[in-house]
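If you want the building blocks of each chain, they are given just below.
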Amino acid sequence: MRIIKNKVQQTWQNRFFIITSIKMDFKSRFSRSLFGSVWAILNPLVMVAIYAFILSQIMRAKLPGIESAYAYPIYLISGIIGWTLFTEVISRGLMVFIENGHYLKKLPFPRSNLIFVLLGASLINSLILILAAVGIFLSLGFIPNSSLIWLIPLQILTALFALGIGISCGVLNVFVRDVGQVVPIILQLLFWLTPIVYTINIIPEDLQYLLKLNPVFSIVDMYHNILAFKIAPSLQDLGVLAIMALVSNLLGFMLYQKAYKDIVEEL
Amino acid sequence: MSIVSLKSVSKTYTEYPSFYHRFLSWFGVKNSNLKRHVILEDINLSLEKGEAIAFVGQNGAGKSTLLKLIAGVLSATSGEIQVNGKISAILELGMGFNSDFSALENTRNTLSIMGYTPQEIIGAMPQVKAFSEIGDYFEQPMRIYSSGMQMRVAFAVATVFQPEILIIDEALSVGDAYFQHKSFDRIRELQKQGTTLLIVSHDKQAIQNICNRAILLEGGGIKKVGPPVEVMDYYNALIAAKSHTDIELKRMDDGHLQTISGDNKAKIEKISLFNSKGIEADELAVGEKAVLEIQVAVIEPIKQLVCGFMLKERLGHIVYGTNTSFSEQALFDLNTPQKITYQIHFDTRLGIGSYSCSIALTGGATHLEENYHWIDLALVFKVINIDKTEFIGSNCLEPEFIIQRG
């Protein structure tokens, strides 16, 4: 209990660093660009536009449960919001120690700050994307309902689940840089193994259970439910996600605890 | 209570043959075949509040690693480190600046990592800017800075709030003379207010001026602790013993090629420089009495033997030179085998800086007549000013000002 209390206290003392760092994170990403944070939204939206354009022929049929002529883009955007958050946290986790090497090697400070910066920056990026998406939905005449509130726990649990995976990969990446190459490839595979650009019913029914083994499936499914189908996610799915988040973080932080002495030396 | 205390601290780097071995080691799988590099071994140290400690020693002695352990950037392999105070540290010549950001943004970032509030940081910003004196560059990205300018910002950031412990690793030697001076003034000011100072430096003069204790590290252990002068003398002797036993060094440490010439009818066997205490040294204080000793072996019978020496300053200009022919002390009709020792007693009336010494054995007043053995850069020593009035140039004239007013 005392450890947790100390940790909370320490984090509170370092709140300015965390806030400044999140700000600087945005600034550094766009430090030499003219349009700045527009790119953060533009990137996933262009992706949506491309898929919507190319696949609109195949997906012309109305999706059951979405009462809009633009059912497919709405479905697509909803899934991509969840997917983007998941992958962003993992990608940042993958690089968190390497990119902050200059701090780790030269300044004494609580290392957990880096984790809060990572989570904060990713969640804010995701929030911007959600706001942009809701704007697009409204302009398409599609009005989200109160189940939107479920995005709050879902966002947090998704980010935490990805955090544990990201930290584990990040630790390994310090020592074996191949990890940094392999993870994006795995993520790409996972993207196509998750019903984001397609719907689950185009898969033969007796094979659908295979897709459901993919942990990201239920995450994206919940985003679909909340945003596109306007229904609350099942508490059971959220509960399972919470347990997965717990397990992935236990794994990640155990690995970090074992490796932290070696990390600074290796950087 | 000591502000910093280390109890049997060791630091070992383990070389793993593959990541697999390292990975297993995290989970307690022991492997006895691993190659270990001991950086520091069994360091016991206790520093009191307000002390100024210099860590000296050759490259690779473990100085920087020790400072990183104290700063908390690295963790010790074994032992216990206790630090009771807020640390501000310039390690590896920097404070983790991001070169895409300006000094302003980096200052804000670094100070907020160090735990200061936005109000405090805004309040300190003009001070950092003023102290670093880099003008409009302060708002430009740091990638266009010179290393000296980066150093200025780092030092300004590290010392803008009074730290309880200030750690500076080598950084002070990067800045120009003006900024060095300014930094030392700031350090003294902080010292007066009670800051404990830990520095690594090769600037012996600075160490002797600022520090109350010096710690000599050698091969990962503490070799000597004591007043700076004493430790530096010991350190110099250690270096002298290393470099002068074998005089036939061809390539100098600074990359200069040492030229040795002569027909070897007589040979210079050993050259040593002793300070006023009679200790072999590579450093003299301005005005100090010193002895240059040259041991010569006569290999073949010689009609006339003249020994000369010449001092050159850093750029190679001759500062002084004479020989035993000019002093009418040439030796005649020497038989073999024979050993001769020349002792040149002199007062170090030289300005601060580095000097090299050339030694020659010839058959007359100039080496054109007969050259037995001639060694350029035979010995390099430094002159530091400890107790004389500050002055520039390579001659110590010790003038007296007589001022009349009215």
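Use the structure listed above.
A few points on the structure. (Residues numbered from 1 in each chain as written. Chains lettered and ligands numbered in written order. Predicted model: local features only at pLDDT ≥ 70, side-chain atom pairs only at ≥ 80, totals over all residues.)

1. Notes on the sheet that holds strand β7 (residues 196–200) of chain B
Residues and elements named next belong to chain B. Taken in spatial order, the 6 strands make up an open sheet running β5-β6-β7-β3-β8-β9, and their pairing is mixed. What marks the edges here is a single partner per strand, and that holds for β5 (87–90) and β9 (221–226). Averaged over all adjacent pairs, the angle separating strand axes in this sheet is 15 degrees, with direction ignored. The sheet contact formed by strand β8 (residues 213–218) and β9 spans 5 bridges and is antiparallel. When the bridges of β9 are listed, Glu218 appears paired with Gly221. (Pairing = 2+ DSSP bridges. Helix = DSSP H or I, 4+ residues; strand = E, 2+ residues; numbered from the N terminus. Axes fitted to C-alpha atoms, helices over the stretch in contact; angles between N-to-C directions.)

2. Thoughts on the interface of chain B and chain A
Across the boundary between the two partners, chain B contributes 29 residues, which contact 23 residues of chain A. Broken down by element, the residue count for the side of chain B that touches chain A peaks at 6 residues, all from helix α3 (residues 103–113) of chain B. (Contact = placed C-beta atoms within 7 Å.)

3. Re the environment of Val220 of chain A
Note that Val220 of chain A resides in helix α10 (residues 215–228). The contacts of Val220 of chain A, once residues within four sequence positions are left out, are Gly79, Gly82, Trp83, Thr194, Pro195 and Ile196 of chain A.

4. Examining the sheet that holds strand β2 (residues 35–47) of chain B
All names here are of chain B. Across the sheet, which stays open at both edges, the 3 strands sit in the order β2-β1-β4 with antiparallel pairing between neighbours. Only two strands of the sheet have a single neighbouring strand rather than two, namely β2 and β4 (78–83). Neighbouring strand axes in the sheet, compared pairwise and without regard to direction, differ in orientation by 25 degrees on average. Here 9 bridges tie strand β1 (residues 4–15) to β2, and the two strands are oriented antiparallel to one another. The residue bridging Leu6 from the neighbouring strand is Leu45, located in β2.

5. Some thoughts on the pairing of β1 of chain B
Where β1 of chain B lies against β4 of chain B, 5 bridges are found, and the strand directions are antiparallel. Bridge pairing in β4 of chain B links Val4 of chain B to Val83 of chain B.

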